[in-house]
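The lines below spell out each chain.
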Amino acid sequence: TLRRRFTGHSDWVWSVHAAQVDGAPCAASGSEDGTVRLWRSDTGDLVREYAGHSGKVLVVRLSADGSLLASAGTDSAIHVERTGRGRGARTMSWQTPAIIALSFSPDGDHLAAGSQDGTIQLRRTSDGVVVRSFRAHSGQVRSVEFSADGSLLVSSGSDHVATIWRVRPRLG
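Residues numbered from 1 in each chain as written. Predicted model: local features only at pLDDT ≥ 70, side-chain atom pairs only at ≥ 80, totals over all residues. Heavy atoms only, no water.

Our focus in this paragraph is empty space enclosed by the protein. Which parts of space are left empty comes out when a probe the size of a water molecule is rolled across the atoms. A complete count under the given rule lists one cavity of 30 Å³ or more for this structure. Reported here for the largest cavity is a volume of approximately 40 Å³. In terms of lining residues, the largest cavity is bounded by Val36, Tyr50, Ala51, Gly52, His53, Ser71, His79 and Glu81. Looking at the lining of the largest cavity residue by residue, the classes come out as three nonpolar, four polar and one charged. (1 Å grid on protein atoms, 1.4 Å probe; cavity = no way out; pocket = protein on both sides within 12 Å on 5 of 7 lines; lining within 4 Å. Points joined across faces, edges and corners; volume = space filled by probe spheres on them. Nonpolar A, V, L, I, M, F, W, Y, C, P; charged D, E, K, R; others polar.)

What follows is the structure, given as structure tokens:
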């Protein structure tokens, strides 16, 4: 049964992700209209709208503790926002056609980003510094996900390949 609809975007919704934010169930959505929205999933209320992308938002991700919201898309920018009121944002640019996949490490200290050019970058969320970058696929990176302990990163690509990468203890 349908439980809730979230309306408000003016174009396609490309990505959604759910997590607890400040103890409340929430869902984030990213749209072709260039906006990211954070919703209360129990009430359907809009918590906050994030603007700032100059292109389509193709992927949104909340950190495991719900304190960070990352978004990326066709403008080659990764936005990392604090979900609490009045807290700042970090924008990380990357010269690639589009960022399609994002995943926070379980502790929220790192963000994996996969792009259309087959590259994965691992960045520190505190300052945006790239701690590791590698060619992961001969086609687009379609998804990335950290293991529960953060030691491994799995990825899939349009090259028909799924991979597992050891990323710890080399994350800085």
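Let us now look at the side chain of Arg37. Inspection of the secondary structure assignment puts Arg37 in strand β3 (residues 36–40). Within the structure, Arg37 has its side chain in polar contact with the backbone oxygen of Gly8 (distance 3.1 Å). Among all residues touching Arg37, those that are not within four sequence positions of it are Gly8, His9, Ala27, Ala28, Ser29, Leu46, Arg48 and Glu49. (Helix = DSSP H or I, 4+ residues; strand = E, 2+ residues; numbered from the N terminus. Polar contact = N/O pair within 3.5 Å; in protein donor to acceptor, adjacent residues only side chain to side chain. Contact = heavy atoms within 4.5 Å.)

It is worth spelling out the packing of aromatic side chains at this point. Summed over all chains, the structure comprises three aromatic pairs. Centre to centre, the rings of Trp12 and Trp14 are 5.4 Å apart; their planes meet at 50°, and the pair counts as tilted. Judged by its relative accessible area of 55%, Trp12 is exposed. Measuring from centroid to centroid gives 4.6 Å for Phe134 and Trp165, while their planes differ by 50°, and the two rings are tilted. Of the two residues, Phe134 sits in strand β12 (residues 130–135) while Trp165 sits in strand β15 (residues 162–166), which places them 31 residues apart along the sequence. Taking relative accessible area as the criterion, Phe134 reaches 12% and is therefore assigned buried. (Phe/Tyr/Trp six-rings, centres within 6.5 Å; stacked < 30°, edge-to-face > 60°. Buried < 20%, exposed > 50% of the residue type's maximum accessible area, 1.4 Å probe, protein only.)

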